[in-house]
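Letter by letter, the chains look like this.
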Amino acid sequence: MSTPADAVVEPGAASRPAVAPAPRGRRFNRAVREAGLGYLLLLPAFLIFAVFIFYPFFRNFYLGFFSTPPFPGQPKNYVGLDQYKDVLTSSEFLDSLKVTVIFAVITVPVGIALGILLAVLAHQKLKGVAIYRAFFSSTVATSIAVASVIFGTLLSPQVGLLQGIQTEPSILQNPDPIINISLPVIRSFIPSVALTAVAVTTIWQNLGLSFILMSAGLQAVPDELQEAAEIDGAGPWRRFWNVTLPLLSPTIFFAFVVGSIFAFQTFGQIDLLTPRGGPLKTTNVLTYYIYDQLQFSKNDGKAAVLAIALFGVTLLLTLIQFQFLERRVSYER
Amino acid sequence: MSVEPIALRGTELSGKAGTEVEAARPGKRGRRVRIFGRYVALSVLAFVVLFPIYITIVNSLLQPSQIAAKSPTFFPTSPQWHTYSDAWTDGHLASYLRNSFIQTGLIVAGQLVTSILAGYAFAFLRFPFKRTLFVVFLATLMVPFEITIITNLQTVSNTLNVYDNLGNTLGTFAALAVPFLATGFGAFLLRQTFLQLPKDLQDAAKLDGYGHLRFLTRVAVPLARPTIAALAVFSFLSAWNQYLWPLLVTRDDQLRTVQIGLKQLRATNIDQVNVTFAGTVLAFIPLVILLLIFQKQLVRGLTAGAVKG
Amino acid sequence: MGRVTIRGVSKRFADVTAVDHLTLEVADEEFLVLLGPSGCGKSTALRMIAGLEEPTEGTIEIGDREVNDVEAKDRDVAMVFQSYALYPHMTVRRNVEFPLKTRRVAADERNRTVQEAAGILGLEDLLDRKPAQLSGGQRQRVALARAIVRRPQAFLMDEPLSNLDAKLRVQTRAELVELRRRLRATIVYVTHDQVEAMTMGDRIAILDHGVLQQVGAPQDVYARPANLFVARFIGNPPMNTVTGDVTRVDGRVGVQIPGSVVELPGALGAAVERRALERVVLGVRPEDLTLADGGPIKATVSVIESLGHERHVICRLEDGQLIIVRQAANVPPPAEESEIGLAADAARLHVFDAESEQRVDA
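Residues numbered from 1 in each chain as written. Chains lettered and ligands numbered in written order. Predicted model: local features only at pLDDT ≥ 70, side-chain atom pairs only at ≥ 80, totals over all residues. Heavy atoms only, no water.

1. Focus on the overall build of chain C
Move 1: Within chain C, the secondary structure is distributed over 9 helices and 20 strands.
Move 2: Seen through its principal axes, chain C has C-alpha atoms that stretch 80 × 45 × 35 Å.
Move 3: Taking the intrachain contacts of chain C between residues at least 6 apart in sequence as the baseline, contacts between residues at least 24 apart amount to 65%.
Move 4: With an accessible surface of roughly 15200 Å², chain C has 46% of that area assigned to carbon and sulfur atoms.
Move 5: Each charge sign in chain C was given a centre, from 45 positive and 53 negative side chains, and these centres are 7 Å apart. (Helix = DSSP H or I, 4+ residues; strand = E, 2+ residues; numbered from the N terminus. Contact = heavy atoms within 4.5 Å. Areas by Shrake-Rupley, 256 points an atom, 1.4 Å probe, with all protein chains shown as cover. Lys, Arg positive; Asp, Glu negative; His and termini not counted. Charge placed at Lys NZ, Arg CZ, Asp CG, Glu CD.)

2. With respect to the packing of helix α5 (residues 129-137) of chain A against helix α8 (residues 193-219) of chain A
Residues and elements named next belong to chain A.
Move 1: Two elements in contact, α5 and α8, have axes separated by 7 Å at closest approach and are oriented at 130°. Of the possible angle classes, the one that applies to α5 and α8 is oblique. Mapping the contact onto sequence places R133, F136 and S137 in α5 and L207, G208, F211, I212 and S215 in α8.
Move 2: Residue composition of the contact of α5 with α8, by class: 4 nonpolar, 3 polar and 1 charged. (Axes fitted to C-alpha atoms, helices over the stretch in contact; angles between N-to-C directions. Parallel < 35°, antiparallel > 145°, perpendicular 65-115°, else oblique. Nonpolar A, V, L, I, M, F, W, Y, C, P; charged D, E, K, R; others polar.)

3. Notes on the interface of chain B and chain A
Move 1: Of the residues lining the interface, 92 residues belong to chain B; the matching set on chain A comes to 82 residues.
Move 2: Here chain B meets chain A over a buried area of about 7700 Å², counting both sides, of which 76% is carbon and sulfur.
Move 3: At the boundary of chain B and chain A, one finds 2 salt bridges.
Move 4: R126 of chain B serves as the salt-bridge partner of E34 of chain A, at 3.3 Å between the closest nitrogen and oxygen.
Move 5: Where chain B packs against chain A, one counts 16 residue pairs in polar contact (both at pLDDT 80 or more).
Move 6: Per-element tally for the side of chain B that touches chain A: the top contributor is helix α1 (residues 27-60) of chain B, with 17 residues.
Move 7: Split into classes, the residues belonging to the side of chain B that touches chain A amount to 63 nonpolar, 21 polar and 8 charged. (Buried area = accessible area lost by both parts, 1.4 Å probe. Salt bridge = Lys/Arg side-chain N within 4 Å of Asp/Glu carboxyl O. Polar contact = N/O pair within 3.5 Å; in protein donor to acceptor, adjacent residues only side chain to side chain.)

4. A look at the packing of aromatic side chains
Given two aromatic rings, one states the distance between the centres and the angle between the planes to describe the pair.
Move 1: Enumeration according to the criterion identifies 41 aromatic pairs over all chains in this entry.
Move 2: With a centroid separation of 5.8 Å and an interplanar angle of 20°, the aromatic rings of W237 of chain A and W241 of chain A are classed as stacked. Taken together, the residues span about one helical turn, with W237 of chain A and W241 of chain A both in helix α10 (residues 236-264) at a distance of 4 residues.
Move 3: Using a relative accessible area of 63% as the deciding quantity, one classes W237 of chain A as exposed.
Move 4: Judged by centre distance (6.1 Å) and plane angle (75°), the rings of F145 of chain B and W245 of chain B are edge-to-face. Taken together, the positions of F145 of chain B in helix α6 (residues 145-160) and W245 of chain B in helix α12 (residues 244-249) put the pair 100 residues apart, joining distant regions of the chain. (Phe/Tyr/Trp six-rings, centres within 6.5 Å; stacked < 30°, edge-to-face > 60°. Buried < 20%, exposed > 50% of the residue type's maximum accessible area, 1.4 Å probe, protein only.)

5. A few points about the pattern of salt bridges
Residue and element names in this part refer to chain C.
Move 1: Evaluation of the coordinates by the stated rule reveals 32 salt bridges over all chains.
Move 2: A salt bridge links R3 to D64, with the nearest nitrogen and oxygen atoms 2.6 Å apart. Of this pair, R3 sits in the segment before β1 (4-13) while D64 sits in the loop between β4 (57-62) and β5 (65-66); the two residues are 61 residues apart in sequence, bridging distant segments of the chain.
Move 3: D64 sits in the partly exposed class, given a relative accessible area of 49%.
Move 4: Note that R151 and E116 form a salt bridge whose closest N and O atoms lie 3.7 Å from each other. Remark: E116 occurs in helix α3 (residues 107-121) and R151 occurs in the loop between α4 (136-148) and β7 (154-158); sequence separation between them is 35 residues.

6. Describing the domain arrangement of chain B
Residue and element names in this part refer to chain B.
Move 1: Domain parsing of chain B yields domain 1 (28-82) and domain 2 (85-303).
Move 2: With centres defined by C-alpha atoms, the gap from domain 1 to domain 2 works out at 34 Å.
Move 3: Opposite the 11 residues of domain 1 that make contact, domain 2 presents 10 residues.
Move 4: A buried area of about 850 Å², summed over both sides, lies between domain 1 and domain 2, and 66% of it is on carbon and sulfur atoms.
Move 5: Linking domain 1 to domain 2 there are 0 salt bridges.
Move 6: In this structure, the connection of domain 1 to domain 2 is made through 3 residue pairs in polar contact (both at pLDDT 80 or more). (Domains from an automatic or database assignment.)

7. Side note on the environment of T91 of chain C
Residues and elements named next belong to chain C.
Move 1: Mapped onto the elements of the fold, T91 is located in the loop between β6 (77-80) and α2 (92-102).
Move 2: Each C-alpha atom of the pair T91 and R129 lies 5.3 Å from the other, and the pair is 38 residues apart in sequence.
Move 3: In contact with T91, other than residues within four places in its own chain, are L127, D128, R129 and K130.

8. Digging into the sheet that holds strand β19 (residues 339-344) of chain C
Residues and elements named next belong to chain C.
Move 1: Read from one edge of the open sheet, 5 strands run β15-β19-β16-β17-β18, paired in antiparallel fashion. With partners counted over all chains shown, the strands left at the sheet margins are β15 (289-291) and β18 (322-328), one partner each. Averaged over all pairs of adjacent strands, the angle between their axes in this sheet comes to 45°, without regard to strand direction. (Pairing = 2+ DSSP bridges.)

Okay, structure coming up:
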């Protein structure tokens, strides 16, 4: 379609000698052509969005109304909101939610803290520090599968590194909480050994990204402020705490928000390290639960409800973060 | 403002009239020690970060018996180079990598094109409901993947026949790429970049009789090259790292992407762990090379959101 | 004692020498100005005193103590940065008390000192604002308050007025001079603005490409510049310099410039002869020239710039070189394009060796 896209903005300018304004009809024509071009350019993206994002999004709510029978081939029953209620109050769901939240609570703050540590250390003017920066960012090149296969094999009791230290069960099959607390209420919130191992893998894989992000944030802290603080008598720790950290807070906030969203969508590591939701389902994060229902139980309806729950929780968490955390961020203006 | 001269030095503040300030480090040795300490800290951390990769490379060159032995070997004395060729051919790493490149390439190309077009429309054209449409584009970023997969799976299997027809290469790659050919993030990024181009350029182009197509291809895109490169790197990383969708959509082992392929490799090489490790290294290398070349763009792309807030 | 001494200090970066064997002594309570064009090394020298850069060679003493290996935070100096370097996320009060907090001064002592400093600099009403809410001049005062609060042995200031607009600059200059008188502090002040240097300094040290050109009281540097660089740098409008061959006229030493010969006064001529100089640069300031009909220097009036209180008559020599003459406003101006003669005050002639650019003294 060459005509609209090729539309010369001043039609016939070369041949028209007069400077009189274009007649109304022509101007209207031009506006229509411009609008048409605009819609045309948006069309490809919009089509993709419509088919693969909007339509599924709304259809998902609809799917939640139907329960899938246990045997294939039978039609689905309309159960309305009952399925929503059943699924969302089931202990399976609540456990999965708990696992997801615990996982996020471990990986996000630790990941950010380590990123800051690496970024601050690599920010100094030392000779050859560029090599260290390259090392620290290297895990960006590891994909989910690479990191998971590496750690999975390293932690396996047969061929891993921990053979001398531990026998069966493998760390990744260990459902025990990492800290043994007898109080059942607290105990249910302690991550299992398996979950911790998956968390460590995730943190390691994200280190490169976290490092790059925090380094970029550090660039925004002017060197002069550090110098002024040094002359004012502040030692390295005080300089970090009173000058660097506050000025880094916008970046940290961004990392928290985006990091939490990604943490809630973790899937690959779980599937590769602890298939079927791990020992006693202690690594059954929501995304895995959804996958499990889809792939193995073939329960579309339930999966749909769970997906909505995941969306809701993520949205809620983001809103909470904006409400409460952003207050402590010191923007310059 | 008071008028008397202010007493300085030797006041009660710190009692340092004429006395040495204790915190001064003695001599040049103090400074050297500090700098050395910093290198030590950096090296320790670098070691911790790189250790898994190092061990992987080492293990890929050991014999299975060495790997399974109780005490770990840290340096391969007789490197088993064959593991790499094994992973490449028998392990299908070649196919997996090829598939990943095709899948990722398609997605990156699609996202670049749609984002440039959409960004251009939002930045330079006027049409009704422009603002609403832009908000809609941005809203797509809020919808998490898990909500859409259920329906998308059905859509894809119905139209592209991926499940029934195992040899359906075209269908599989279409299924892998098409849902991701557009991104709200890209449209947003390009719009911002185009908006930052000097207005004079557009005016000059109008006077020169440039149509929109020519302005887009000859002026706007070349000037937006850094952002486009950053977006490309960012899209590349996201697409390459996809796991859940390729897992659900590819059945034929020949068509698996490298993420899923590695899972398969590990399963079929339980007794040949070194081959699995070799496969992992092979999957790791292309990204390392790419990221070494495109470091700057990588940083830009990853921090585009952070800097703009 | 607030003495600052720099001995043989050099700073080299890769292949660039920023500071070259600089030796300076700043006396206690002295206001020393480091003056020079951009890139002359003055800021680098200041940063070395502060401890922010390490000298490649040489020693730095602050208050009779060698501080080469002492960290910046322990050197007992305060620095005012060109961009003020205020902590953007802290209020004015917290900015000013920061140096006291790091030294663990007790809270009430801190408050008292902060209040005092705020009073001196007129910041009492701004204590709870953040830097982003302040004007440039106000920010500068906060930077100053933060510096004086510590009662350091020396103040280091890096072009603190250059970010202010012209009017504010004049006002702040006066305030700084007053402040300095009350503080009785040793101040090392870096600037590229010679007006600041002339009006504020006890002594001026002029640097070019890292090398010290001359150090002395403003009047000395003005009246007796040690070399061509200093001669041209100090003074506005700058000194007229013309290169010429040494000749003899009627037994007296003179300089042949395009179109005329300028006689040198006896002692100066003798000095030129003693050194057997053949080519020299003659220098005379615009205010030391007068338009006189029989004057020895022949020139043509080119442009007349009237500044209200005075007039700059820009003339051209035979070969086109420009000579600027300062004239009072109440004297009738010459006609444009007219040929005139210029007379120079013999006592105010400067002669420089054309090769070495060094001053020739009688």
